[in-house]
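# Results of the structural survey
Residues per chain, in single letters:
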Amino acid sequence: MSALKIGEISKPRFEFRTFGQDFSAAAERMARLSNPVPEKVWHRESDEIYIMSRTNDLNNTKIRDGKMDVKSYVQTVDGLEQWDPKLKAEFPISRAQLVEEIFPAFMVELPELTQNQYSFDEFIAIIDAHADLQAVKIHKQRFGYMVNDTICEVANVLVNGAKIVSINSESTELEDIQKTIKDVQLEGVENINYLQAIKRVIGMKNLPLAN
């Protein structure tokens, strides 16, 4: 089997990710254990908008660089979650795509849509007006690594300005992720995906982060 490479499309990956205030010890171990990675992933920053739905924990929907990206939950195996990219759409987005693909991913009541297509600003206005949806501004400062052939990352994340930290390992191979979790000393830490972390920060779920 060919090794997993950063930035390349693969079959749906499994992922361990967690969020909290401080993972400095694990992050240092991750950096020291990492194989060399492409310079383009040493340090990346992005501004994104996640669309949070009170009724949906199965579809991760975000907007970055003017494009909407939807990943869907597949399964959990040995505590590791598998997600599958389902949709990439550019603005303006057609009414048909909103009706058939995007709002079904939110799992909420479909609002009245009278236009044939919607710009980014028009789409956000629909989200803001919906009682069960919330657009959340996310800024990511990401540092990429490769440990045990798993794609790893440490990220400083601003959720509507509130700073949290994320650390993760993802691969198509469960055993490689489990070894990485052990090697960077994150055993026993709760696996928290982006949807769950953002909901906890904005008060949509009454649960703490990992630390």
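Look above for the structure.
We now turn to the structure provided with this report. In this text, all values refer to a predicted model and were calculated from it rather than measured experimentally.

## Re the pairing of strand β10 (residues 162-171)
Judged by how many residues are buried, β10 sits mostly within the fold: 8 of 10 residues are covered. As paired elements, strand β1 (residues 13-20) and β10 share 7 bridges and run antiparallel to each other. Residue R17 lies in a different strand from β10, and its bridge partner there is N168. Summarising the sheet, strand β9 (residues 150-159) and β10 pair through 9 bridges and their orientation is antiparallel. By the bridge assignment for β10, V154 is matched with I167. The hairpin formed by β9 and β10 contains 2 residues between the paired strands, and N160 there has a positive phi angle of roughly 50°.

## Some points on helix α2 (residues 95-106)
Taking 1.5 Å per residue, 12 residues should reach 16 Å; α2 reaches 15 Å between its end C-alpha atoms and fits that length. Of all the positions in α2, only Q97, L98, I102, F103, A105 and F106 are classed as buried. Buried residues in α2, looked at end-on, bunch into an arc of 135°, giving them a common side.

## Here we look at the side chain of E153
With respect to the helices and strands, E153 occurs in strand β9. Its relative accessible area of 9% is what places E153 among the buried residues. There is a polar contact of 3.4 Å between the side chain of E153 and the side chain of R142. Aside from chain neighbours lying at most four places away, what touches E153 is R17, M30, R44, R142, F143, S166, I167 and N168.

## A look at the environment of K137
Turning to its location among the elements, K137 is positioned in strand β8 (residues 133-147). Sequence-wise, K137 and D57 are 80 residues apart; in three dimensions their C-alpha atoms are separated by 18 Å. When residues no more than four places from it in sequence are discounted, the contact partners of K137 are E48, L158, V159 and N160.

Cut-offs applied
- Residues numbered from 1 in each chain as written.
- Predicted model: local features only at pLDDT ≥ 70, side-chain atom pairs only at ≥ 80, totals over all residues.
- Heavy atoms only, no water.
- Buried < 20%, exposed > 50% of the residue type's maximum accessible area, 1.4 Å probe, protein only.
- Helix = DSSP H or I, 4+ residues; strand = E, 2+ residues; numbered from the N terminus.
- Pairing = 2+ DSSP bridges.
- Expected span 1.5 Å × (residues − 1).
- Arc of directions from axis to C-beta.
- Polar contact = N/O pair within 3.5 Å; in protein donor to acceptor, adjacent residues only side chain to side chain.
- Contact = heavy atoms within 4.5 Å.

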